[in-house]
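Breakdown of the fold
Each chain, letter by letter, is given below.
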Amino acid sequence: MKMTLRWFGEGYDSVKLREIRQIPGVVGVITTLYNRQAGELWPREEIAALKAKVEAENLEISGIESVNIHDDIKIGLPSRDQYIENYIKSLENLGEEGIKMVCYNFMPVFDWTRTNLAKPRHDGSTVLAYDQSVVDSIDPQVFFDQTDANSNGFVMPGWEPERLSRVKELFEAYKDVTADKLFDNLVYFLKAIMPTCDKYGINMAIHPDDPAWPVFDLPRIITNKENILKMFAAVDNPHNGLTFCTGSLGTDLSNDLPDIIRACKGRIHFAHVRNLQHFAPGLFEEAAHLSADGTFDMYEIVKALYDIGFDGPIRPDHGRTLWGEVCMPGYGLYDRAMGACYINGLWEAIDKATKRKDQLL
Ligand code: DNO
């Protein structure tokens, strides 16, 4: 595995590349052209400029999160072909620049959803939290406005104002899109881009739906082992892979995370590793990465990734906001730096224990 940190780019992130470089073991960033909206073509010069900036700080671009998918592709409108063509050109430009991993999601209207961006935790930090009863009782537009207002002035990934100023319109456009239809539209998109991925060796890594069930009655299709394997089978190409995200798949406690990792061997191209603390179904908050602070056994998760020979980029995921840091909720430096060190520590221990055991046999 390759330890990385997400970086949104200059002007969008409170964290600097040099600070990221100082986290032991972090070799790269997962970044994006944050100014580019879903559906837009990514010019090669902009990708090259971003790459030069990252490399000037002795880091690499280990992958993109995200090249977002235009809603017309998800809805399956005739205009999707033009947006797919743009997507293919963007992939070609990324491929020409040697960038080989692209994370994306196929969630309608909203990306990840949390009902509180700054819930005080027992230790005095604040975290992102989710309460289904809030989602059940709020109008989606109000929900969006609240999220936007509570983001400390940062544009939150997946909550770009340009897109979400059209919440009502989007809900209308999705009204006939069932889960099956959404799945077919995903397959259509993947089939169209696979030849380009084959040509450049680009690994596509779909991000699971977060939370892993329909919100605001919108369908969600990447929610559990069965659906993920169905997606792999529908476009059976090794470049059609997954971002294994503990915090998303782990929202549903019936998902056995190490088991999903093992079932997806060879198709996990990117990993987001974090802990959650569950209180009841549909009621949880994000925790420190440490196993003891939340619900998941992080050792078992990292061990499963190790056992399947995972060698892609991995990143700590949302962190707590602490020590007075002012940052995008979930994306401060301090807690994610601790998360990276912790995951590296688990990996080193598993690696050494495995190698010593092999020597004894
Ligand atoms: C939230 C992130 C998601 C993720 C996208 C991938 O913090 O995990 O926004 O980047 O779903 O396209």
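Structure: above.
On a predicted model such as this, the values are computed, not experimentally measured, just so you know.

With respect to the overall build of the protein
When its secondary structure is counted, the protein shows 14 helices and 12 strands. Computed over C-alpha atoms, the radius of gyration of the protein comes to 19 Å, within 12% of the 21 Å expected from 2.2 N^0.38 for 361 residues, which places it in the range of a compact globule. Considering only C-alpha atoms, the protein reaches an extent of 60 × 45 × 40 Å along its principal axes. Counting all 361 residues of the protein, 58% fall into the buried class. Look at the contacts in the protein between residues 6 or more apart in sequence, and 74% of them connect residues 24 or more apart. By element, 51% of the accessible surface of the protein is carried by carbon and sulfur atoms, the whole surface being about 14,500 Å².

A closer look at the packing of aromatic side chains
For the structure shown, the criterion picks out 19 aromatic pairs. Centre to centre, the rings of Phe144 and Trp159 are 6.0 Å apart; their planes meet at 5°, and the pair counts as stacked. Taken as a pair, Phe144 in helix H6 (residues 140–149) and Trp159 in the loop between H6 and helix H7 (161–164) lie far apart in primary sequence, 15 residues in all. The same class applies to Phe144 and to Trp159, which are both buried. Centroid distance Tyr306 to Trp347: 5.2 Å. Interplanar angle 65°. Geometry classified as edge-to-face. Of this pair, Tyr306 sits in helix H13 (residues 298–307) while Trp347 sits in helix H14 (residues 334–360); the two residues are 41 residues apart in sequence, bridging distant segments of the chain. Per residue, the accessibility class of Tyr306 equals that of Trp347, and both read buried. Every member of this aromatic cluster is reached through a ring pair, and the members are Phe110, Trp112, Phe143, Phe144, Trp159, Phe171 and Phe216. The lysine or arginine in question, Arg80, covers the ring of Tyr188, its NZ or CZ lying 3.5 Å from the ring centre. Against the face of Phe183 rests Lys230, its NZ or CZ located 4.2 Å from the ring centre.

Digging into the nonpolar core
Counting residues in each nonpolar core, the largest one holds 104 residues, and the members touching the most others are Tyr87, Leu186, Phe189, Ile193 and Met204. At 10 residues, helix H9 (residues 179–200) tops the list of elements feeding residues into this core. Membership of the second largest hydrophobic core comes to five residues, among which are Ile30, Met101, Cys103 and Phe270.

A few points about the packing of helix H4 (residues 80–96) against H9
In the contact formed by H4 and H9, the axes pass within 10 Å of each other and the chain directions differ by 25°. One way to sum up the angle between H4 and H9 is to call them roughly parallel. The handedness of the crossing between H4 and H9 is right-handed. Residues Arg80, Asp81, Ile84, Tyr87, Ile88, Leu91, Glu92, Gly95 and Glu96 of H4 form the contact with H9, whose participating residues are Asn185, Tyr188, Phe189, Ala192, Ile193, Thr196, Cys197 and Tyr200.

Examining the sheet that holds strand E10 (residues 276–280)
Spatially, four strands are ordered E5-E6-E11-E10 in an open sheet, and the strand pairing comes out antiparallel. This sheet does not close on itself; its edge strands, each paired only once, are strand E5 (116–120) and E10. Between one strand and the next, the sheet's axes are offset by a mean angle of 35°, whatever the strand orientation.

Some points on the site of the ligand
Around the ligand, 14 residues are found, and the nearest of them are Glu65, Ser66, Asp111, His318 and Tyr331. With respect to the ligand, the side chain of Arg6 contributes an N or O atom lying 3.2 Å from an oxygen atom. The contact in question runs from an oxygen atom of the ligand to an N or O atom on the side chain of Trp112, over 3.5 Å. Contact with the protein chains covers 99% of the free accessible surface of the ligand, which is 330 Å². Looking at which element gives the most residues to the shell around the ligand, the answer is strand E4 (residues 101–105), with three residues.

Rules of the game
Residues numbered from 1 in each chain as written. Predicted model: local features only at pLDDT ≥ 70, side-chain atom pairs only at ≥ 80, totals over all residues. Heavy atoms only, no water. Helix = DSSP H or I, 4+ residues; strand = E, 2+ residues; numbered from the N terminus. Rg over C-alpha atoms; globule rule 2.2 N^0.38 Å. Buried < 20%, exposed > 50% of the residue type's maximum accessible area, 1.4 Å probe, protein only. Contact = heavy atoms within 4.5 Å. Areas by Shrake-Rupley, 256 points an atom, 1.4 Å probe, with all protein chains shown as cover. Phe/Tyr/Trp six-rings, centres within 6.5 Å; stacked < 30°, edge-to-face > 60°. Lys NZ or Arg CZ within 6 Å of the ring centre and 35° of its normal. Core = buried A, V, L, I, M, F, W, Y, C linked by side-chain atoms within 4.5 Å. Axes fitted to C-alpha atoms, helices over the stretch in contact; angles between N-to-C directions. Parallel < 35°, antiparallel > 145°, perpendicular 65-115°, else oblique. Left-handed = near helix turned anticlockwise from the far one by under 90°. Pairing = 2+ DSSP bridges. Near = heavy atom within 4 Å. Polar contact = N/O pair within 3.5 Å; in protein donor to acceptor, adjacent residues only side chain to side chain.

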